[in-house]
2 protein chains.
Amino acid sequence: VRPGDDLAALLCHVAPPDLADEDVLSIAHKVVSKAEGRVRDLREVTPSPRAVELAAEHDKDPRAVQVILDESAQLLRAERGILISETHSGLVCANAGVDGSNVEDPETVVLLPEDPDASARALRARIAELAGKRPAVLISDTFGRAWRLGQTDVAIGAAGVRALDDWRGRRDYAGRELRATQDAVGDALAGAADLARAKDSRQPAVLIRGLDRFVTLEDGPGAAALRRPPEEDLFR
Amino acid sequence: VRPGDDLAALLCHVAPPDLADEDVLSIAHKVVSKAEGRVRDLREVTPSPRAVELAAEHDKDPRAVQVILDESAQLLRAERGILISETHSGLVCANAGVDGSNVEDPETVVLLPEDPDASARALRARIAELAGKRPAVLISDTFGRAWRLGQTDVAIGAAGVRALDDWRGRRDYAGRELRATQDAVGDALAGAADLARAKDSRQPAVLIRGLDRFVTLEDGPGAAALRRPPEEDLFR
């Protein structure tokens, strides 16, 4: 997939003939970013003094660090070779989501989509146009977590899927208020989709069926609903 | 389910006749804890001065706070009514996993299993004994996360499933070393299982099929593999 490619058309081409409005199409962000031209050529990047310094401290390519700084609203941690940023779109992740793996040209890095929810909405609309069916669209990336080892896929963009299912105020069968009251459905969907493929499979999309209850006619608030406001975050 | 109940027998009773060695049985910890007698009667708890103080500050029941402190190796945050602990078994979560929802008696709270990996191993062995099949067993709980809103189910115990799938040193199709290199498969499985039931469904177990590649003959390191060592954690 290259900048300008019609990703929705490529997806429709391989979608099963019984693609349905109730399906959820989970798409790895990398292929979305590539189609949107969200790539940077490191040969064209001039690292700032700060990038040079951080790169030396953390054994990284200063040009890649410059791209990470460009993509960051705030650098939250820089320790032991790990840079954790908040991106301009409010995601907290390693390297501001800037990634050089699974890219043909080793001098090229892939960025996150600028507005992943908008990307999801655009893909949903274009798929509906081409296929006559309007599945929900979820855009995923692989994030690390505080406290727990290993990465999981999470939803960074969504259209037509209840990414955060709010049970607050609802009660359990005994009438007691539920404690765990906001289900991060978008992240669970992204993680489930990732189980269906291997990391080196080059399969950018997974079709999820049977979860109609999370699919909505409207595009809705997207994966933005999953971003914890900084003032409510105890761990920054 | 009550203390002393043979949970494996109850699960075998409702398992499909074609239960297989390659299946993964994901079980909500609450039913495991109940069977193991990991419950506390709040009427028998005398809160310490510290518990009384914390309870007043955070608008909680001082007896429940005492139980949380008992279950905590360390209290990491206490802000705006939220207590985040590290449990004695090394899990970081709200209220040290102490939970009063979905419990018949409002004066009773449920704790996490004392050693969730041992619980998973015991259940796996007992199911094998009763059913003649030895599916992998995963024990889940619902945790909040830093940075992101909503809870997801994660694996707190596991036997026979590769909870952390390590790709470090492996390469992508272009021969570049992979960045996201440790897949938190256990957590993705727990999250996927949770999608298959509603929060108030009272369904304590979900059978996951088709992921033979994560199932192992040995019980393996369990979900302990997913706990990030404190010294490697940038967010405590």
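Residues numbered from 1 in each chain as written. Chains lettered and ligands numbered in written order. Predicted model: local features only at pLDDT ≥ 70, side-chain atom pairs only at ≥ 80, totals over all residues. Heavy atoms only, no water.

Colleague: Honestly, the pairing of strand 11 (residues 205-208) of chain B in this entry has me stumped. Any pointers?
Modeller: Successive residues of a regular strand alternate their side chains across the two faces of the sheet. All names here are of chain B. The two faces of strand 11 differ: Val206 and Ile208 on one face are buried, but Ala205 and Leu207 on the other face are not. Taken together, the four bridges between strand 1 (residues 24-28) and strand 11 define a ladder with antiparallel strand orientation. Counterpart to Ser26 in the pairing with strand 11 is Val206. (Buried < 20%, exposed > 50% of the residue type's maximum accessible area, 1.4 Å probe, protein only. Helix = DSSP H or I, 4+ residues; strand = E, 2+ residues; numbered from the N terminus. Pairing = 2+ DSSP bridges.)

Colleague: Help me understand the interface of chain B and chain A in this model?
Modeller: Interface extent is often summarised as the accessible area lost during association of the parts. With 76 residues of chain B at the interface, the matching set in chain A holds 76 residues. Carbon and sulfur atoms supply 54% of the area that chain B and chain A bury against each other, a total of about 6700 Å² over both sides. Seen at the junction of chain B and chain A, the total is four salt bridges. Elements supplying a minimum of two residues to the side of chain B that touches chain A: strand 3 (72-79), strand 4 (82-87), strand 5 (92-94), strand 7 (136-143), strand 8 (152-159), strand 10 (182-183) and helix 6 (185-195) of chain B. Take the side of chain B that touches chain A: its biggest share by element is eight residues, from helix 6 of chain B. Partitioned by chemical class, the residues of the side of chain B that touches chain A number 35 nonpolar, 13 polar and 28 charged. (Contact = heavy atoms within 4.5 Å. Buried area = accessible area lost by both parts, 1.4 Å probe. Salt bridge = Lys/Arg side-chain N within 4 Å of Asp/Glu carboxyl O. Nonpolar A, V, L, I, M, F, W, Y, C, P; charged D, E, K, R; others polar.)

Colleague: Please clarify how the pattern of salt bridges should be interpreted in this entry.
Modeller: Two side chains that carry opposite charge are able to pair once their charged atoms sit near each other. For the coordinates displayed, the defined rule picks out 44 salt bridges over all chains. Across the salt bridge formed by B:Asp187 and A:Arg145, the nearest N and O atoms sit 2.7 Å from each other. A residue pair is termed interchain when its members come from two chains, as with B:Asp187 in helix 6 and A:Arg145 in the loop between strand 7 (136-143) and strand 8 (152-159). For the salt bridge of B:Asp117 with B:Arg227, the shortest nitrogen-to-oxygen distance reads 3.9 Å. Taken together, the residues span a long stretch of sequence, with B:Asp117 in helix 5 (residues 116-131) and B:Arg227 in the segment after strand 11 at a distance of 110 residues. For B:Arg227, a relative accessible area of 18% puts it in the buried group.

Colleague: Before we go on, may I ask you to explain the relation of the copies chain B and chain A in this structure?
Modeller: The two chain copies are related to each other by a rotation about an axis together with a translation along it. Superposition of chain B onto chain A requires a rotation of 180 degrees combined with a translation of 0.0 Å along the rotation axis, giving an RMSD of 0.0 Å. Viewed as a symmetry operation, the transformation between the two copies matches a two-fold axis. Across chain B, the rotation axis passes nearest the C-alpha of B:Ala192, at a separation of 2.5 Å. Here 100% of the interface residues in chain B have copies in chain A that are interface residues too; the copies meet face to matching face. (Least-squares fit on C-alpha atoms with pLDDT ≥ 70 in both.)

Colleague: How should I be thinking about the sheet that holds strand 1 of chain B in this particular structure?
Modeller: Note on sheets: strands pair through backbone hydrogen bonds, and any given pair is parallel or antiparallel. All names here are of chain B. Pairing within the open sheet is mixed, and its four strands lie in the order 8-7-1-11. Single-partner strands in this sheet number two, and they are strand 8 and strand 11. Between one strand axis and the next, the sheet turns by 30 degrees as a mean value, whatever way the strands run. Pairing between strand 1 and strand 7: five bridges, direction parallel. Bridging across to strand 7, Leu25 finds its partner in Val137. Sitting on the sheet, helix 6 touches strand 1, strand 7, strand 8 and strand 11, and the angle it makes with strand 8 is about 120 degrees. (Axes fitted to C-alpha atoms, helices over the stretch in contact; angles between N-to-C directions.)

Colleague: Whenever I open this one, the side chain of A:Ser119 confuses me. Can you help?
Modeller: Residue and element names in this part refer to chain A. Mapping Ser119 onto the fold places it in helix 5 (residues 116-131). Residue classification places Ser119 among the buried positions, given a relative accessible area of 6%. The residues contacting Ser119, other than those within four sequence positions of it, are Val32, Glu36, Pro113 and Ile139.

Colleague: Looking at this model, I keep getting lost on the packing of aromatic side chains. Mind explaining?
Modeller: Given two aromatic rings, their pairing is described by the distance between the two centres and the angle made by the two planes. Residues and elements named next belong to chain A. Considering all chains together, one arrives at two aromatic pairs over all chains under this definition. Between Trp147 and Phe235, the ring centres sit 4.7 Å apart and the planes meet at 80 degrees, which makes this aromatic pair edge-to-face. Taken together, the residues Trp147 in the loop between strand 7 and strand 8 and Phe235 in the segment after strand 11 (205-208) connect sequence positions 88 residues apart. Per residue, the accessibility class of Trp147 equals that of Phe235, and both read buried. (Phe/Tyr/Trp six-rings, centres within 6.5 Å; stacked < 30°, edge-to-face > 60°.)

Colleague: Sorry if this is basic, but what is going on with the side chain of B:Thr142 here?
Modeller: With respect to the helices and strands, the residue B:Thr142 is situated in strand 7. For B:Thr142, the side chain forms a polar contact with the side chain of B:Asp153, separated by 2.6 Å. (Polar contact = N/O pair within 3.5 Å; in protein donor to acceptor, adjacent residues only side chain to side chain.)

Colleague: Please clarify how the packing of helix 6 (residues 185-195) of chain A against helix 6 of chain B should be interpreted in this entry.
Modeller: Two quantities define a packed helix pair, namely the angle between the helix axes and the distance between the axes. For the pair helix 6 of chain A and helix 6 of chain B, the least separation of the axes is 8 Å and the interaxial angle reads 115 degrees. Viewed along their axes, helix 6 of chain A and helix 6 of chain B form a crossing whose handedness is left-handed. Across the interface between the two elements, A:Val185, A:Ala188, A:Leu189, A:Gly191, A:Ala192 and A:Leu195 from helix 6 of chain A touch B:Val185, B:Ala188, B:Leu189, B:Gly191, B:Ala192 and B:Leu195 from helix 6 of chain B. (Left-handed = near helix turned anticlockwise from the far one by under 90°.)

Colleague: When you look at the sheet that holds strand 5 (residues 92-94) of chain A in this model, what are you seeing that I'm missing?
Modeller: Residue and element names in this part refer to chain A. Spatial strand order, 3-4-5: three strands in an open sheet with antiparallel pairing. Each end of this open sheet is capped by a strand with a single partner; those strands are strand 3 (72-79) and strand 5. Across this sheet, the average inter-strand angle for adjacent strands is 25 degrees, counted without regard to direction. Here six bridges tie strand 3 to strand 4 (residues 82-87), and the two strands are oriented antiparallel to one another. When the sheet's bridge partners are listed, Leu75 is paired in strand 4 with Ser85. Contacts from helix 3 (residues 49-58) reach strand 3 and strand 4, with the element oriented near 30 degrees to strand 3. Packing of helix 4 (residues 62-71) onto the sheet brings it into contact with strand 3 and strand 4, and relative to strand 3 it is tilted by some 130 degrees.

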